[in-house]
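Letter by letter, the chains look like this.
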Amino acid sequence: MPMNVTSTVSAVPIEMDARPVKKRIALVVLATDHTTELDFSRICDPADIGVYANRIDYQNPGTRENLLATGPRLTEAAAQILPDEKMDVIAYGCTAASVVLGNDAVGEYLNAGKPDTPFVTPSSAALDAFKALGARKISVLTPYSAHISDAVVAYFSSHGPEVVRANCLGVDDDREIARLSEDTIIEAACAAMDPDADALFLSCTGLRAAVCIARIEARIGKPVVTSNQAMIWRCLREIGSTKPVVGYGRLFQH
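Residues numbered from 1 in each chain as written. Predicted model: local features only at pLDDT ≥ 70, side-chain atom pairs only at ≥ 80, totals over all residues. Heavy atoms only, no water.

Considering the pattern of salt bridges
Part 1 of the argument: Under the criterion given, the structure shown has 13 salt bridges.
Part 2 of the argument: A salt bridge links Asp194 to Arg165, with the shortest nitrogen-to-oxygen separation between them at 3.4 Å. In this pair, Asp194 is assigned in the loop between helix 9 (182-192) and strand 7 (199-202) and Arg165 in strand 6 (residues 162-168), connecting sequence segments 29 residues apart.
Part 3 of the argument: The class for Asp194 is buried, based on a relative accessible area of 11%.
Part 4 of the argument: Given the relative accessible area of 29%, Arg165 is considered partly exposed.
Part 5 of the argument: Between Glu182 and Arg215 there is a salt bridge; the shortest N-O distance is 2.6 Å. Placement of Glu182 in helix 9 and of Arg215 in helix 10 (residues 213-220) is noted, with a sequence separation of 33 residues between them. (Salt bridge = Lys/Arg side-chain N within 4 Å of Asp/Glu carboxyl O. Helix = DSSP H or I, 4+ residues; strand = E, 2+ residues; numbered from the N terminus. Buried < 20%, exposed > 50% of the residue type's maximum accessible area, 1.4 Å probe, protein only.)

Structure below.
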């Protein structure tokens, strides 16, 4: 039966908050990424922090050429995240691409879409993490092919701590990287740790390493830094978040 009811504009005065949440993190990830958004959701409190993600086209395998091709795609992807609204920080969730492109270039691409916004990459965040932890020597585990792994090692060797050991798993498809089991990650991480290293770095935002950190640290007795953990830690510091984060490594004590 038809209802003879029409809507009436409410007489209640409307009030607007400045934002739905206090802080905003913009995140650009690869179209094939299975992991990064989940790690942000695990660590960031949605009551205070909104994480707004966009994806860019990416073609496997993980070659230098395919990683370089992601750079020009970052600008439009950044601009489409809450268009014309200010973000507190913007992150690009690909470690290998940030190494191959260079962090300055990544920042230029992102800021062309989101002007005057602080930017974070996993590789720049990892360097900040090593400094915070006082790590002068590190071991590195990557899931990549030896070629891309060597580029990551060269990046850290030239920008920060001494790399005393580097192992890779030889997987060049980030969809397969995301399927590496936690047991595989933990055992490979422990095997990669050099006794002389001050910390262990696990590269790749697609690797499900953040959920393994506490177990690895318990076994090796040293701090563990992962791509997503470091990137999230740096984003939280950038927005001034002071809420404690438990279960994701010693880094969050700094």
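Still more to cover.
Re the packing of aromatic side chains
Part 1 of the argument: The tally for this structure, following the rule as stated, stands at four aromatic pairs.
Part 2 of the argument: Residues Phe130 and Phe156 carry aromatic rings whose centres are separated by 5.6 Å and whose planes lie at 70° to one another, so their mutual orientation is edge-to-face. In this pair, Phe130 sits in helix 6 (residues 122-133) while Phe156 sits in helix 7 (residues 146-159), placing the two residues 26 residues apart along the sequence. Of the two residues, Phe130 and Phe156, both sit in the buried class.
Part 3 of the argument: Between Phe130 and Phe201, the ring centres sit 5.9 Å apart and the planes meet at 85°, which makes this aromatic pair edge-to-face. Within this pair, whereas Phe130 is found in helix 6, its partner Phe201 is found in strand 7, the two being separated by 71 residues in sequence. Here Phe130 matches Phe201 in class, with each residue buried.
Part 4 of the argument: In textbook terms, an aromatic cluster arises when at least three aromatic residues are bridged by ring pairs, as seen for Phe130, Tyr155, Phe156 and Phe201. (Phe/Tyr/Trp six-rings, centres within 6.5 Å; stacked < 30°, edge-to-face > 60°.)

With respect to the sheet that holds strand 3 (residues 89-92)
Part 1 of the argument: Spatially, four strands are ordered 2-1-3-4 in an open sheet, and the strand pairing comes out parallel. Each edge of the open sheet carries a strand with a single partner, namely strand 2 (49-56) and strand 4 (119-120).
Part 2 of the argument: Across four bridges, the pairing between strand 1 (residues 23-30) and strand 3 is parallel. If you follow Leu27 over to strand 3, its bridge partner there is Ala91.
Part 3 of the argument: On top of the sheet, helix 1 (residues 36-43) reaches strand 1 and strand 2; it is set at about 155° to strand 1, its chief contact. (Pairing = 2+ DSSP bridges. Contact = heavy atoms within 4.5 Å. Axes fitted to C-alpha atoms, helices over the stretch in contact; angles between N-to-C directions.)

Some words on the sheet that holds strand 5 (residues 137-142)
Part 1 of the argument: Ordered by their spatial adjacency, four strands build an open sheet running 6-5-7-8, and the pairing between neighbours is parallel. Since the sheet does not close on itself, it has two edges, and those belong to strand 6 and strand 8 (224-226), each with one partner. Neighbour to neighbour, the strand axes of the sheet diverge by 20° on average, direction disregarded.
Part 2 of the argument: Pairing between strand 5 and strand 6: six bridges, direction parallel. Bridged to Lys137 within strand 6 is Glu162.
Part 3 of the argument: The strands touched by helix 7 within the sheet are strand 5, strand 6 and strand 7, with strand 6 carrying the most contacts at an inclination of about 165°.
Part 4 of the argument: Docked against the sheet, helix 10 engages strand 7 and strand 8, running at close to 150° with respect to strand 8.

Remarks on the packing of helix 1 against helix 11 (residues 227-238)
Between two packed helices, the angle of one axis relative to the other and the distance separating the axes together describe the packing.
Part 1 of the argument: At a minimum axis distance of 10 Å, the contact between helix 1 and helix 11 shows a crossing angle of 50°. Judged on the interaxial angle alone, helix 11 and helix 1 are oblique. Here the hand of the crossing between helix 1 and helix 11 comes out right-handed. Mapping the contact onto sequence places Thr36, Asp39, Phe40 and Ile43 in helix 1 and Asn228, Met231, Ile232, Cys235 and Leu236 in helix 11. (Parallel < 35°, antiparallel > 145°, perpendicular 65-115°, else oblique. Left-handed = near helix turned anticlockwise from the far one by under 90°.)

Structural notes on helix 5 (residues 103-113)
Part 1 of the argument: Residues of helix 5 that are buried: Asn103, Val106, Gly107, Leu110 and Gly113. Down the axis of helix 5, the buried set is contained in an arc of 125°. They therefore lie on one face. Residues Asp104, Glu108 and Ala112 are exposed on helix 5 and point more than 90 degrees away from its buried face. (Arc of directions from axis to C-beta.)

Digging into the layout of surface pockets
Part 1 of the argument: By volume, the largest pocket is sized at about 210 Å³.
Part 2 of the argument: Of the residues contributing to the lining of the largest pocket, the split by class is seven nonpolar, three polar and four charged. (1 Å grid on protein atoms, 1.4 Å probe; cavity = no way out; pocket = protein on both sides within 12 Å on 5 of 7 lines; lining within 4 Å. Points joined across faces, edges and corners; volume = space filled by probe spheres on them. Nonpolar A, V, L, I, M, F, W, Y, C, P; charged D, E, K, R; others polar.)

Taken by themselves, the reported measurements are silent on function.
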